[in-house]
Amino acid sequence: MEDRTATTVQLIRPDVATLKYSPVQSLESIAQDVGLRVEDLIKMDANENAYGTPEEVKQAIVDAFSKLHIYPDPDQALLKEALVRTLHPGFTPQQIVCGAGSDDILDMITRLLSPKVILTSTPTFGMYSFLAKVAAARVIDVPRKPHTFDLDVDAIVVSIRENAVPLVFIPSPNNPTGNVMSEDDVRKLCQEKCVVVVDEAYIEFADMPSFADGSLPSEFPNLVVCRTFSKWAGLAGVRVGYAVSTSAKLVEGMMALKQPYNISIPADAAARAALAHREKIMKTVRLLVEEKERLFALLSSPMFAPYLRPVPSKANFVLCEILPSAALSAVEVAQGLRKRGILIRYFGSQGGALQNYIRISSSLPWHTDRVIHALAQLLLPPAVAEIMGDYRIEGILFDMDGVLADVSASYRQAIILTAKYFGVEVSGEDVAKAKAAGDANNDWKLTRRLIEQAKPADQVVPSLDEVTAKFEEYYQGTPENAGLWTTEKLIIDKSLLEKLSAKHPLGIVTGRPRSDARKFLEHYGIGSYFKAVVCMEDTPRPKPDPAPVAHALQQLGVSRAVLIGDTVDDIRAATGAGIKGLGVVAPGMNPLSVPVVVIELDQC
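Every chain begins its residue count from 1, and numbering advances along the sequence as written. Confidence filtering applies because this is a predicted model: local features only for residues at pLDDT of at least 70, side-chain atom pairs given and counted only at 80 or more, and all residues used for totals across whole chains, interfaces and linings. With hydrogens and water excluded, all non-hydrogen atoms of the structure serve as input to the side-chain values.

As recorded in an unreviewed UniProt entry, the chain goes by histidinol-phosphate transaminase and comes from Acanthamoeba castellanii. UniProt positions are given in the numbering used here, feature names are shortened, and annotations may be inferred rather than shown by experiment. According to the UniProt record, the Catalytic activity (unreviewed entry) comment for the chain reads "L-histidinol phosphate + 2-oxoglutarate = 3-(imidazol-4-yl)-2-oxopropyl phosphate + L-glutamate".

(A) Seen up close, the side chain of Lys-543. Strands are runs of DSSP state E lasting at least 2 residues, helices are runs of H or I lasting at least 4, and numbering of each runs from the N terminus. Counting through the fold element by element, Lys-543 comes out in the loop between strand 17 (530–534) and helix 22 (547–556). The buried category is assigned to Lys-543, whose relative accessible area is 1%. Here a polar contact is recorded for every N or O atom pair within 3.5 Å, except that within protein the pair must consist of a potential hydrogen donor and a potential acceptor, and residues adjacent in sequence are included only if both atoms are side-chain atoms. A distance of 2.8 Å separates a polar side-chain atom of Lys-543 from the backbone oxygen of Val-509. A distance of 2.7 Å separates polar atoms of two side chains, one belonging to Lys-543 and the other to Asp-570. Working rule for contacts: check all heavy atoms of both residues, and any pair within 4.5 Å makes them a contact. Among residues more than four places away in sequence, those in contact with Lys-543 are Asp-399, Asn-441, Val-509, Thr-510, Pro-548, Asp-569, Asp-570 and Ala-573. Burial here depends on accessible area, computed with a 1.4 Å probe over protein chains only, as a share of the maximum for the residue type. Under 20% is buried, over 50% is exposed, and the range in between is partly exposed.

(B) Highlighting helix 19 (residues 464–476). Take the number of residues in a helix, subtract one, and multiply by 1.5 Å to get its expected span. The first and last C-alpha atoms of helix 19 sit 17 Å apart over 13 residues, in line with the 18 Å expected at 1.5 Å per residue. Listing the buried residues of helix 19 in full gives Val-467, Thr-468, Lys-470, Phe-471, Glu-472 and Tyr-475. One or two residues past the end of helix 19 sits Gly-477, with phi positive at roughly 95 degrees.

(C) The arrangement of the domain arrangement of the chain in detail. Split by domain assignment, the chain resolves into domain 1 (26–33 + 38–45 + 289–388), domain 2 (52–280), domain 3 (395–403 + 489–583) and domain 4 (408–487). Where a domain begins and ends is set by an automatic assignment or by a domain database. Spacing between the C-alpha centres of domain 3 and domain 4 amounts to 24 Å. Counting from both sides, the interface comprises 18 residues of domain 3 and, opposite them, 16 residues of domain 4. The salt bridge criterion pairs a side-chain nitrogen of Lys or Arg with a carboxyl oxygen of Asp or Glu, the two atoms within 4 Å. On inspection of domain 3 and its partner domain 4, the count reaches one salt bridge. Residue Arg-412 pairs with Asp-566 through a salt bridge whose shortest N-O separation is 3.7 Å. The tally of links between domain 3 and domain 4 comes to four residue pairs in polar contact (both at pLDDT 80 or more). Only helix 21 (514–524) and helix 23 (568–576) provide two or more residues apiece to the side of domain 3 that touches domain 4.

(D) The packing of aromatic side chains, seen in detail. For this analysis, a ring pair means two rings from Phe, Tyr or Trp (six-membered ring only for Trp) whose centres lie within 6.5 Å, classed as stacked if their planes differ by under 30 degrees, edge-to-face if by over 60, and tilted for the remaining angles. In total, this model carries 12 aromatic pairs according to the counting rule given. Taking 4.3 Å as the distance between ring centres and 5 degrees as the angle between the ring planes, the aromatic pair formed by Tyr-411 and Tyr-475 counts as stacked. Of this pair, Tyr-411 sits in helix 16 (residues 411–421) while Tyr-475 sits in helix 19, and the two are 64 residues apart along the sequence. A residue is classified by how much of its surface remains accessible, and Tyr-411, at 4% relative accessible area, is buried. The buried category is assigned to Tyr-475, whose relative accessible area is 1%. Taken together, a centroid distance of 5.0 Å and an interplanar angle of 90 degrees make the contact between Tyr-421 and Phe-422 edge-to-face.

Okay, structure coming up:
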């Protein structure tokens, strides 16, 4: 027995210990590790579609169960035809190979070429170097440019020539940095004597055409473009990917050495259903792109600037460098988030020198709020908790403009345009300074004051009625022009407001006319969360007088509350009414403050 065991060990390739790729763990194992339920975990570590698999695709999988007793089509005919019909009309089915995820495709190409060397450009997807090791190939790394992570195409070309590289793996967008290649980059690489594999796993998020759609494939048969259903289509658990190429030899070779039945019947059905319902699924893709932009803006806040640096991304994730000034290292940040049930990706050295980086996937809005709050807890000095102390909150009041509503392109723009109409140039900075000075709760009066201050003494200053009429024309709109009110966006996620309203009575204290306040609340469907809405018409004096706040407290039936506001008038009104005031900075100046303060309040 010992002899046979020793013989077996001797027969195993000696480098097997190095053949390790570290994928994300299962939710079940993580939940057990951190002592939480699976449903309490927030998954932002693998760039999946957080909106899940569409019901139509799920039904297609269920319908495929009746065929589970038979083998799938080794030629993948129906799926290839659907790909040509839906995404790649410039190709024929004979120019497409499907696999169990794009990893399977990359493995096919590697085995087909049997290269002695493979070129990658780190930081990048760790699977490329893993497949090279499996193929006993040497990995040549041409690092990306520092800070920007742009490709050093000239250096790659030099390396291809010097090392006779037969196979180059380059993703676009790149995982984990989010960079994209240009067509000129691809053309320059394809002019070399090698096979260039462009991995487009995240192309749906990039707002740019696939390199498979242009003239490059017909110009360069050595170009292979890989795609996957894992990310955009919500099919990561099913495993479907494919490659397109105009090289008959490459495609025939890949088809010859692939596992015969590598696309299961449920996977085939799911992929074809996803293609049939692509427009519906792409709506969730656009939502994830919007949320990625919001995530990037929050991470770019001046509050985080001393501690982390987010990298601009064209994918559905953001890579963040944890700076030396942070109290925690990148791995400690990842561990701290994990303990809170928030899963992000820490790579270490897998895929390049990423020891100081974490990657956060775009997800649902409330997931973004949670990760931002957790990062604030881990990296920023305590803020709201210190201000609140032992103060017991019975209710929460919100100013509307700059707190609930982003008015940087509406009310504030109306001030600028109205002043300009009356011959006065006013900047956004001028408006901000006037707001900071106080006694600026009424935008009509503030606009006239700014005009009056800038007008020479010998010039006529328009009346308040004239200013108000022109202001309202810009804000409300005319039959010919949409009103600026249509640009307003909700700052605090609706789900967070719903959660807060179940915990505390909520109210609004605003200087808006009631019609404007109602319009915004109805537009975003959040009116039901607020038990009190105090507007311009409700008290004889506006903020900073405490009367509007006192009126709201009376309507809520509470005496111990907090008012969240973005101007000195808000804080003065809160203090005058005997409650706590929390000052935040409006969007356009610091997009982080409002969400973080509200989330922290939820913890108080």
